[in-house]
Amino acid sequence: MRSPSSPHVMSASQPMTLLPKCDPNDDEGTMKLIEELTTNAAQVQRQVLDEILARNSNTEYLHGFLDGLTGYHFFKKKVPVIEYEHVREYIERIANGAPSSIICTQPITELLTSSGTSGGQPKMMPSTSEELDRKTFLYDLQVPVINKYVDGLDKGKGMYLMFVKPEIRTPSGLSARPVLTSYYKSANFLNRHFNKHLIYTSPNETILCADSRQSMYSQLLCGLLQCDDVLRVGAVFSSAFLRAIKFLEDHWQELCSNIRAGEISEWITDSGSRRAVMRIMREPNAKLAERIEAECRKEPWEGIIRRLWPRTKYVDVIVTGSMAQYIPLLDFYSGELPLVSMMYASSECYFGINLQPLSSPAEVSYTLIPNMAYFEFLPVKSDKRGEEEALDADKCNRMEMAAEAVDLVDVEVGKYYELVVTTFTGLYRYRVGDILMVTGFHNSAPNFRFVHRRNIVLSVDTDKTNEEDLLLAITAAKPLLAPLGCLLSEYTSYADTSSIPGHYILFWELKYNNAATELDSAVMEACCLMVEESLDWVYRRCRSRDRSVGALEIRVVRAGAFDALMDLCLTNGSSVNQYKTPRCISSPEAIAVLDGRVVGRFFSRSAPHWEPLRVGKT
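An unreviewed UniProt entry lists the chain under the name Indole-3-acetic acid-amido synthetase GH3.17, with Dendrobium catenatum given as the organism. A UniProt comment under Sequence similarities (unreviewed entry) is attached to the chain, and it reads "Belongs to the IAA-amido conjugating enzyme family."

Caption draft 1: Summary view of the overall build of the chain. When helices and strands are counted, the chain shows 20 helices and 23 strands. Taken over C-alpha atoms, the radius of gyration comes to 25 Å for the chain, in line with the 25 Å a tight globule of 618 residues would show. Overall, the C-alpha framework of the chain stretches about 80 × 65 × 50 Å when taken along its three principal axes. Counting across all 618 residues of the chain, residues that qualify as buried make up 56%. Here the contacts in the chain between residues at least 6 apart in sequence split such that 71% fall between residues at least 24 apart. Positive and negative charge centroids in the chain, built from 67 and 78 side chains respectively, lie 2 Å apart.

Caption draft 2: Seen up close, unusual backbone geometry. The residue after Glu299, namely Pro300, is reached through a cis peptide bond having omega -5°. Put simply, Ile500 and Pro501 share a cis peptide bond, and its omega is -5°. Relative to the elements of secondary structure, Pro501 occurs in the loop between β20 (486-496) and β21 (503-512). We note that Arg282 has phi near 65°; this positive angle belongs to a residue other than glycine.

Caption draft 3: View of the sheet that holds strand β6 (residues 230-237). Strand order in the open sheet formed by four strands is β3-β6-β7-β8, with parallel pairing between adjacent strands. In this open sheet, the two strands that pair with only one neighbour each are β3 (157-161) and β8 (339-340). Here β3 runs beside β6; their pairing, made up of five bridges, is parallel. In the sheet register, Met159 faces β6, and the bridge partner there is Val233.

Caption draft 4: Geometry of the nonpolar core. Core analysis: the biggest nonpolar cluster contains 179 residues, and Phe241, Phe375, Phe377, Leu419 and Trp508 have the highest contact counts within it. With 11 residues, helix α11 (residues 238-261) is the largest single contributor of residues to this core. Those residues in contact with Phe375 that lie beyond four places of it in its chain are Gln45, Phe351, Leu368, Ile369, Pro370, Val406, Asp407, Leu408, Leu419, Val420 and Val421. Tyr494, Leu565, Ile585 and Ile591 belong to the second-largest nonpolar core, a separate cluster that totals 16 residues.

Caption draft 5: Main features of the environment of Ala286. With respect to the element layout, Ala286 can be found in helix α13 (residues 286-297). Residues Ala286 and Asn258, 28 residues apart in the sequence, show an inter-C-alpha distance of 9.7 Å.

Caption draft 6: The arrangement of helix α12 (residues 271-281) in detail. Among the residues of α12, those classed as buried are Gly272, Ser273, Ala276, Val277 and Met281. Buried residues in α12, looked at end-on, bunch into an arc of 160°, giving them a common side. Residues of α12 that are buried in the fold lie against α9 (204-207), α10 (212-225) and α11. Looking at the residues trailing α12, positive phi occurs at Arg282, about 65°.

Criteria and thresholds
Residues numbered from 1 in each chain as written. Predicted model: local features only at pLDDT ≥ 70, side-chain atom pairs only at ≥ 80, totals over all residues. Heavy atoms only, no water. UniProt positions renumbered as here; feature names shortened; annotations may be inferred. Helix = DSSP H or I, 4+ residues; strand = E, 2+ residues; numbered from the N terminus. Rg over C-alpha atoms; globule rule 2.2 N^0.38 Å. Buried < 20%, exposed > 50% of the residue type's maximum accessible area, 1.4 Å probe, protein only. Contact = heavy atoms within 4.5 Å. Lys, Arg positive; Asp, Glu negative; His and termini not counted. Charge placed at Lys NZ, Arg CZ, Asp CG, Glu CD. Pairing = 2+ DSSP bridges. Core = buried A, V, L, I, M, F, W, Y, C linked by side-chain atoms within 4.5 Å. Arc of directions from axis to C-beta.

What follows is the structure in structure tokens.
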């Protein structure tokens, strides 16, 4: 265990309040609170587990394992480490009307749909009203941290783009919706206390607009109208922020026309958005419209963020994990403003914050805040000569999980782990699927770098496609090749984010029965669509509803292309005896080897079918 750097350690007779009050306007008090939590991480973690067990040990789920027993050792010995399928039945029962008490004594107030999937449908995570308070607590911790590194954020506003997504009502009457939609619609967000360091250019009405196109237009218009007040820009995900820049490229003339005329376009029919924008616009502003037009006409759009919002100090977006692929585009559009990733969170619970917000994207680490949940870690190792190297998607298949989960304060620097959480909301020893590397400690709380999602090979936005799902989708499309008299002999893939929106690219090598056979565009385009139709609900929503993922592309390569890929991998150190074609590639070298042998490119000509999530009795 890491020894705390502070000499003060609370005794067992001085338990810490697990959800203490946090005033984001009080920088000194909040930083002191962070120091107390991280210095006493072991005690806080044990206190969190004791509280969860005291509340929930007699629930149907836990009682089946503990039989009324409580305590750390019984919990570790008798409660299994699980994945979603092990708890899915309980969550679906609650969705269909069973009492919350089968997993949690606090009332489940909603179900949060995860971007991860199970059987083609998004996973649903239980949540409570107290959990909203816990999320607000973590948001509030961030403000004094960034104030420590960036001066003057109380002298302007943030153009932070926020969007809601579709939700449903389950048979029991609970909402099932994405975690950010839940938060933006909550009283915690809508009735938030005034914070002079955290004023947004987007009115609540524009954030809550269900039409994503109208919401985007309205929020960008508000951001442009207040461009001289903007001190930071951003969105939760890099992909969403870059879609906003692309939207601006497509609509800047119309936006400028609105500013010049002092009126909003008629196609913005959402009444709340119209009223909110007009409160800000008030009157025509030809001078501002001309200034924006002058910048938008310049090609290329390098540094457009600095040029349109000249006081901007940083871009607030997630740039870790799959979002790292967007860093070059963010640097291009921002003029290399600092990229700040402040928080690490998921649908299961919120985990921690970045205490060094101006660190380079490659060095971003998050400190897990010990009162958010009870954290455990499954050690992960790579069998490639035992190297402690950054693991990417190509190495996912060489990962091996150790059986024993270790506690938060017992992880070791330089080691890799999969995160396991026990929450206040009814998830017990739940494998989140995130692979993390320990980079150091803040007091006795470890810092983690997010490495990747377990088994995920492709991701552009909130979609997450694993190797098995990709194989099943391609298998569904292969019969369509029969009219060409050919078979699919090899394939691999990568997520191309060089354009906005990004899209999946599949490299296919075909084996022909007749050397004279020609590729048929209609057949290959049908293959593209069949692959998309066979991918999960979240991918199809991103393609069809959100338009955050572009049309899937198949690039057919000539015979021998995958032999050339193998030669490259062997040159770079792979073993000829153990070589398997990687089902996802990321290195520019590997992509270039296949791109140089492409004989045909084909795209889906329509979006795959998608409809809102349905939860019914099973």
